[in-house]
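# Survey of secondary and tertiary structure
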Amino acid sequence: MSASDSSRSNSRAKFIKGSAAIITTAASSTFATGIDPACAASKAIKNPRYIDGEFQMRFGDGPDGNPRMRGILTRRFTGDSTPFKFPVRPVSLVKEWPEKAPFKKEDFFRADQQDDGSFYAIPRLVYHIDEPAVSSLTQYYRNNIPKKSDVLDICSSWVSHYPLEFPKVMKRISATGMNSLELRANDQLTDFTPKNMNIEPKLPYEDASFDVVTCVVSIDYLISPIEVLKEVNRVLRPGGKVIISQSNRCFPSKAIAMWLKMNDRQHLELINGYLQYAGGFLPRRAFDITADGPDSVNFNPMFIVEAVKG
C-alpha cells in the first residue's frame, strides 16, 4: 500500500473528500472498526446492533461554485445482536452447461445503456438489501473467511458487510467500486481503487494477491462477468476462494436482460455457469443463507455461490 493510500485510510473516518464533493463525519467516534479484544476472544459476540453516524457533503467549493452543505444520517447494520437465526442450507447445482458459453450479446443488454459512471456518480449511503440479509451475510463471512486473510471486495461501496472485527484480524482488506466517495466512507478498508469493471474488466492487483474475493449483490450488473471472474481467479492464491452473494433486489434498469428473466434458483445456476467458463475453479457450492426470525416471510432472500481456485 502506498503512503498516500495509508494516509487516506487513517483519515477516512474524520475527513473524506473527492473531486465532486467533500464528505465529513460529525460523529466519527461511532465508526470504530474494531472490537474489544476480550469480546473477540469470547464465544458470544457482543457488538452493537447498529452504528449511527452523520456525514456532511460540501459541494461547489471551487471559485465558480455555489458552496452548499448536505447532511446525511447513516445507520450501519453490524449483523450482531439481532433476533435472527442464520441457517446455511445447501443448494444443489444441477444445470449442465455446454462446452462453449451459450450466451448472446443481447443477454447482457440493459435498459439503461448509458455510462455507469453517471448512474453511480452521487454516493448512495444506503442499503440495497434488508437487515436480515445483511446479517446473514456478515455471519457467513465470520464463519467462512479465516483470520489473517488478504481479502478483496469487488463492486464495493460504503459498506462491505464484514464483521466489525475484520479490520483487526485480517491482514488486508482491499476494494474496488464505482464511487470513490462511498469507498472512502468504508472504514473497514485498508486500501481501495475506484474501478468501472464494465469499461475495463481487469483488476488492478498482482497475480495471487488474495486469499478471498467477495462480491455482494452486484454480479447481475456486470456485462462481462466471465472476464471479471477470470480476473478474480488470477488474483486469488491457489486454494483461495470467491464468495458471490445474491438476493432478489436490484436496479432493474442496470441489471442485464438475461438476469431479469430468471428466478433465484436460475440465478445460482447462471453464476455457476459464469465460473465454469471463467475456468480455474473447482466444482462450485451454493447455499441458501436466508435468515430466519419474526416475520421472516418478508425477509430478503440471500444466497451464496462459493468457488475455490484449483
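The structure under discussion appears in the preceding block.
Read on for a plain summary of the structure.

## Some details on the overall build of the protein
Within the protein one finds 9 helices and 12 strands. Taking the intrachain contacts of the protein between residues at least 6 apart in sequence as the baseline, contacts between residues at least 24 apart amount to 72%. Carbon and sulfur atoms make up 52% of the accessible area of the protein, which amounts to about 14500 Å² in all.

## Some thoughts on the nonpolar core
Core analysis: the largest hydrophobic core is formed by 37 residues, its most contacted members being Phe103, Val232, Val242, Tyr274 and Leu275. Looking at this core, the elements that each hand over two or more residues are β6 (150-156), β9 (210-216), α7 (225-235), β10 (236-246), α8 (257-260), α9 (264-278) and β12 (303-308). What leucine 275 contacts, discounting residues up to four positions off in sequence, is Leu229, Val242, Ile244, Phe281, Arg284, Val305 and Ala307. One finds Val134, Tyr141, Trp158 and Met170 within the second-largest nonpolar core, a separate group that totals 32 residues.

## A word on the pattern of salt bridges
Following the criterion strictly, the structure yields 17 salt bridges and no others. Between aspartate 80 and arginine 142 there is a salt bridge whose closest N-O contact spans 2.8 Å. Of this pair, aspartate 80 sits in the loop between β4 (68-77) and β5 (89-91) while arginine 142 sits in helix α4 (residues 131-144), and the two are 62 residues apart along the sequence. As far as the burial class goes, aspartate 80 and arginine 142 line up, both buried. The partner of aspartate 150 in a salt bridge is arginine 237, and the shortest N-O contact between them spans 2.9 Å. Within this pair, whereas aspartate 150 is found in strand β6, its partner arginine 237 is found in strand β10, the two being separated by 87 residues in sequence. The class of aspartate 150 is buried, set by a relative accessible area of 9%.

## Regarding the side chain of serine 218
The residue serine 218 is located in the loop between β9 and α7 in this model. Once you skip the residues sitting within four places of it in the chain, serine 218 turns out to touch Cys155 and Gln246.

## Looking at the sheet that holds β12
Judged by pairing direction, the sheet is mixed, and its 8 strands sit side by side in the order β5-β11-β12-β10-β9-β6-β7-β8 without closing on themselves. Looking along the sheet, the strands with just one partner apiece sit at the ends: β5 and β8 (191-194). Averaged over all pairs of adjacent strands, the angle between strand axes in this sheet comes to 20°, irrespective of strand direction. Lying over the sheet, α9 contacts β5, β10, β11 (285-288) and β12, oriented at roughly 15° with respect to β12.

Conventions and cut-offs
Residues numbered from 1 in each chain as written. Predicted model: local features only at pLDDT ≥ 70, side-chain atom pairs only at ≥ 80, totals over all residues. Heavy atoms only, no water. Helix = DSSP H or I, 4+ residues; strand = E, 2+ residues; numbered from the N terminus. Contact = heavy atoms within 4.5 Å. Areas by Shrake-Rupley, 256 points an atom, 1.4 Å probe, with all protein chains shown as cover. Core = buried A, V, L, I, M, F, W, Y, C linked by side-chain atoms within 4.5 Å. Buried < 20%, exposed > 50% of the residue type's maximum accessible area, 1.4 Å probe, protein only. Salt bridge = Lys/Arg side-chain N within 4 Å of Asp/Glu carboxyl O. Pairing = 2+ DSSP bridges. Axes fitted to C-alpha atoms, helices over the stretch in contact; angles between N-to-C directions.

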